[in-house]
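Chain by chain, the residues:
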Amino acid sequence: MRRTRRQWVTLGLAAVLLAALCVLAALWQWHRYTDRQAQIDLVEANYTADPEPLATFVGGPDEELAPRDVWRPAVVTGEYDPAGTVLLRNRPVGGTPGFHLLVPLRTELGGEEVVLVVDRGFVPLGADAGEPAFVPDPPDGEVTVTMTLRADEPASDRGAPSGTVVRINTEQVLAQGAADGAATTAAATVGAYGQMRSEDPAAAETPVALPRPDTDPGSHLSYTFQWAIFALGAVGGYVLLWRRETRAATVTAGELLAADDPEGTSRPRRPRRRHVDEDYEDAVLDAAHQAPARSTYPD
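Residues numbered from 1 in each chain as written. Predicted model: local features only at pLDDT ≥ 70, side-chain atom pairs only at ≥ 80, totals over all residues. Heavy atoms only, no water.

A. Main features of the overall build of the protein chain. Each helix and strand in the protein chain was counted, giving 5 helices and 8 strands. For the protein chain, the α and β elements follow one another from N to C terminus as α-β-β-β-β-β-β-β-α-β-α-α-α. Burial status across the protein chain gives 33% buried among its 299 residues. The long-range fraction of contacts in the protein chain, counting pairs at least 24 apart against all pairs at least 6 apart in sequence, stands at 71%. Summing over all exposed atoms, the protein chain offers an accessible surface of approximately 19400 Å²; the carbon and sulfur share of this is 54%. (Helix = DSSP H or I, 4+ residues; strand = E, 2+ residues; numbered from the N terminus. Buried < 20%, exposed > 50% of the residue type's maximum accessible area, 1.4 Å probe, protein only. Contact = heavy atoms within 4.5 Å. Areas by Shrake-Rupley, 256 points an atom, 1.4 Å probe, with all protein chains shown as cover.)

Below is the structure:
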């Protein structure tokens, strides 16, 4: 049964809509791929650079780390405030659940004392799932820390148990530390924190070092091509269906005759010449037999 024009229009609009949705999905995956690739390029350019003083990247209190300087190694000299140690929750390392140790570091920047939060590393869960297996103390006195600079994370509106946070936001970390007796909450800060690479002098016991940043590009590019193929398939499927039905609706005169007379009895056949000669000879012989015999004798 042939489709009506209205049905073709409906199918065409559905194909166009499906193709448009697939194109939007492909563009979304493409933007995710380009964003991810930009992050990877930044990591590869900055992470292996030579360490420089913190003042090279953040000139003074209340300044924020520029996006181009994220993942740069920096050297900071100061003193830890272990009383302000706070645990970062829900940030596993290598698939292992545990906590990050966030410790305030007092240092001087631009002629003023500032506090910089340092992520000293990772500690796994202990026997009690709500507590770390151990909390190593940082070095006493003046220490030089080589760290990876990261931008301060946005503040979280989620609640967390006392002494813990869910994001590395300097203001929230210092506020939690102050609840445990730290005296750094009123100090000047910067819009950045550091992930420890090494300490000099080294602590007697250290947490698990944080791994290098992940540079896996993911599957966004392959998903982009997949959605693009789906979009082409939606339009191509409609065109193919239309062509097939159009061809089925086109019938030649010969096909109509064949449909009316499948045995072909109504088609005149062209007799072969030898059949015509045989019929002629038969007719002559029949006429000769039927004619009255003529006497050869005279009356």
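Past the structure itself, the notes keep going.
B. Highlighting the pattern of salt bridges. The tally for this structure, following the rule as stated, stands at 7 salt bridges. A salt bridge links Arg3 to Glu245; its shortest N-O distance comes to 2.5 Å. Residue Arg3 is found in the segment before α1 (5-46), and its partner Glu245 is found in helix α3 (residues 220-249); the two are separated by 242 residues along the sequence. In this structure Arg3 comes out as partly exposed when scored by relative accessible area, which is 33%. Judged by its relative accessible area of 14%, Glu245 is buried. Between Arg36 and Asp214 there is a salt bridge; the shortest N-O distance is 3.7 Å. Taken together, the residues Arg36 in helix α1 and Asp214 in the loop between β8 (188-200) and α3 connect sequence positions 178 residues apart. Sharing partners across several salt bridges, the network here consists of Glu79, Asp81 and Arg106. (Salt bridge = Lys/Arg side-chain N within 4 Å of Asp/Glu carboxyl O.)

C. A look at the nonpolar core. Tyr80, Leu105 and Met147 are the most contacted members of the largest nonpolar core, which totals 24 residues. Of all the elements, strand β6 (residues 142-151) adds the most residues to this core, at 4 residues. Ignoring any residue separated from it by four or fewer positions in sequence, one finds Leu105 in contact with Val76, Gly78, Glu79, Tyr80, Val114, Val115, Leu116, Val118, Val143, Val145 and Met147. In this structure, Val115, Ile168, Val173 and Tyr193 belong to the second largest nonpolar core, which totals 10 residues. (Core = buried A, V, L, I, M, F, W, Y, C linked by side-chain atoms within 4.5 Å.)

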